[in-house]
Number of protein chains: 2
Amino acid sequence: MKYCSGCGASVSLQVPEGDDRRRYVCGSCQMVHYQNPKIVVGTLPVIGDRVLLCRRAIEPRHGYWTLPAGFMESRETLLAGARRETWEEARAVTCCEQLYAVMSIPDADQVHVFYRAQMELPDFSPGLESLEVDLFALQSIPWQKLAFLPVKRVLTSFVEDHARGKFLFREETVTGEME
Amino acid sequence: MKYCSGCGASVSLQVPEGDDRRRYVCGSCQMVHYQNPKIVVGTLPVIGDRVLLCRRAIEPRHGYWTLPAGFMESRETLLAGARRETWEEARAVTCCEQLYAVMSIPDADQVHVFYRAQMELPDFSPGLESLEVDLFALQSIPWQKLAFLPVKRVLTSFVEDHARGKFLFREETVTGEME
């Protein structure tokens, strides 16, 4: 950030009065430009004993597998955003969604929110941001070709919960990178 | 938003190629300026059978009671943010936090995340943004003087859960205004 989005003058990093963090502050109109974490919403679409994954057609992690997810938009709910992303990336429709994981990712300034979601029909196809979309049995999940650590965590939780026949919502913090 | 924060030229609302929503796009460098919901994090601090509320020293809703909460900052986790806000607004320290409510508030472009939190000691005092801070028995919660609907929802849930002796995490959408 170099310029004030309100008046176009230059901004600089400084601690506003009464604050204790450096913010971008406009040198002309004094507007403080706060920067906050973004929310990523997505689903873990399930049909029978299989889960739906998308292979990314975009960077970062082009060619790697992921769950349908993306940035929450203005004026939508978490669930509406998760369904929208599932449609955009996998042309899949889900129902009976259950909040499954809320993950703080401080290194990326993001919070990821995933729902377990049922697909009533095995209908799907790649959206613009996917090379391919496919259903995977749990023993066939491409662990070495997953795009992101939060996705790996959600899938790992799902496999564990599936084995014991009980699915538990979880909140956690995810740090580090994919190996 | 009137000017590009990257180059200072004028922005205009248009649908970028491959997108389906209007965004602020720079007429010079073509940077797309996305706007996304913000996260508000807070606690419901509990000691014995009493809860801690703060009376707001700032607008909006100056003079009304609220739970300690505020915008999540960069590079922190949800829980770290909730603890920070509790300290900033009520000079209270909590422990044993349990995620209690995740609320989509589409009209405000926000997601609110509240933890049930234990106070080990009845130590608290007003921070800069509070006129006063006090403990309330559940039958004494100032329902008519609460600042925000999400706070009312969290407190209502807590009173209900307390009555049946079982606290359940809940996800919901909150719309409308305080009466």
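Bear in mind that the values here come from a model prediction, so they are computed numbers and not experimental data. (Residues numbered from 1 in each chain as written. Chains lettered and ligands numbered in written order. Predicted model: local features only at pLDDT ≥ 70, side-chain atom pairs only at ≥ 80, totals over all residues. Heavy atoms only, no water.)

S.K.: How should the overall build of chain A be read in this particular structure?
M.R.: Across its full length, chain A holds two helices and 11 strands. Secondary structure elements in chain A, listed N-terminal to C-terminal, are β-β-β-β-β-β-β-α-β-β-β-α-β. With the C-alpha coordinates aligned to their principal axes, the bounding extent of chain A is approximately 60 × 30 × 30 Å. A buried classification covers 49% of the 179 residues belonging to chain A. Pairs at least 24 residues apart make up 60% of the contacts formed inside chain A by residues separated by at least 6 positions. Here chain A carries 20 positive and 24 negative side-chain charges, and the mean point of each set is 1 Å from the other. (Helix = DSSP H or I, 4+ residues; strand = E, 2+ residues; numbered from the N terminus. Buried < 20%, exposed > 50% of the residue type's maximum accessible area, 1.4 Å probe, protein only. Contact = heavy atoms within 4.5 Å. Lys, Arg positive; Asp, Glu negative; His and termini not counted. Charge placed at Lys NZ, Arg CZ, Asp CG, Glu CD.)

S.K.: So what exactly am I meant to see when it comes to the relation of the copies chain B and chain A here?
M.R.: In summary, the two copies of the chain are related to each other by a rotation about an axis coupled with a shift along it. Mapping chain B onto chain A is achieved by rotating through 180 degrees and translating by 0.0 Å along the same axis, at an RMSD of 0.0 Å. The operation mapping one copy onto its partner corresponds to a two-fold rotation axis. A high fraction, 100%, of the interface residues of chain B reappear at the interface in chain A, so the copies pair face to face through one surface. (Least-squares fit on C-alpha atoms with pLDDT ≥ 70 in both.)

S.K.: Looking at this structure, I do not really get the pattern of salt bridges. What am I missing?
M.R.: If charged atoms from side chains of opposite charge come close, those side chains can pair. What the rule picks out here adds up to 24 salt bridges over all chains. A salt bridge links R23(B) to E73(A); its shortest N-O distance comes to 2.6 Å. In this pair, R23(B) is assigned in strand β2 (residues 23–26) and E73(A) in the loop between β7 (69–71) and α1 (78–90), connecting two distinct chains. Residue E73(A) is classed as buried on the basis of its relative accessible area of 10%. (Salt bridge = Lys/Arg side-chain N within 4 Å of Asp/Glu carboxyl O.)

S.K.: What is the right way to read the sheet that holds strand β2 (residues 23–26) of chain A from this model?
M.R.: Sheets are built from strands paired through backbone hydrogen bonds, the pairs being either parallel or antiparallel. Residues and elements named next belong to chain A. Strand order in the open sheet formed by three strands is β1-β2-β3, and the pairing between neighbours is antiparallel. Pairing within the sheet leaves two strands with one partner each, and these edge strands are β1 (11–14) and β3 (32–33). Summarising the sheet, β2 and β3 pair through two bridges and their orientation is antiparallel. Bridge pairing in β3 links Y24 to H33. (Pairing = 2+ DSSP bridges.)

S.K.: Before we go on, may I ask you to explain the confidence of the model for chain A in this structure?
M.R.: Detailed reading of predicted coordinates is not advised where the pLDDT is low. The pLDDT averaged across chain A works out to 96; a share of 99% of its residues lies at or above 70. The ipTM value of the predicted complex is 0.94, and its pTM value is 0.96. (pLDDT = per-residue confidence, 0-100.)

S.K.: In this structure, what is going on with the side chain of Q110(B)? I would like to understand it.
M.R.: Residues and elements named next belong to chain B. As for its placement among the helices and strands, Q110 is situated in strand β9 (residues 110–118). Take Q110: its relative accessible area is 19%, and that puts it in the buried class. Beyond its immediate sequence surroundings of up to four residues, Q110 is in contact with P37, K38, V40, F71, M103, S104 and I105.

S.K.: Even after reading the chapter, I still don't get the packing of aromatic side chains, so can you show me in this structure?
M.R.: Aromatic rings in a pair are described by how distant their centres are and how their planes are angled relative to each other. All names here are of chain A. According to the stated counting rule, one finds nine aromatic pairs over all chains in the structure shown. Judged by centre distance (6.5 Å) and plane angle (65 degrees), the rings of Y100 and F167 are edge-to-face. Taken as a pair, Y100 in strand β8 (residues 95–105) and F167 in the loop between α2 (149–164) and β11 (170–173) lie far apart in primary sequence, 67 residues in all. Take Y100: its relative accessible area is 1%, and that puts it in the buried class. Of the aromatic side chains, those joined through ring pairs into one cluster are Y100, F158 and F167. (Phe/Tyr/Trp six-rings, centres within 6.5 Å; stacked < 30°, edge-to-face > 60°.)

S.K.: Quick question: what am I supposed to make of the environment of Q144(A) here?
M.R.: Along the chain, Q144(A) turns up in the loop between β10 (130–137) and α2. A sequence separation of 79 residues divides Q144(A) from W65(A), and the C-alpha atoms of the two residues are 9.3 Å apart.

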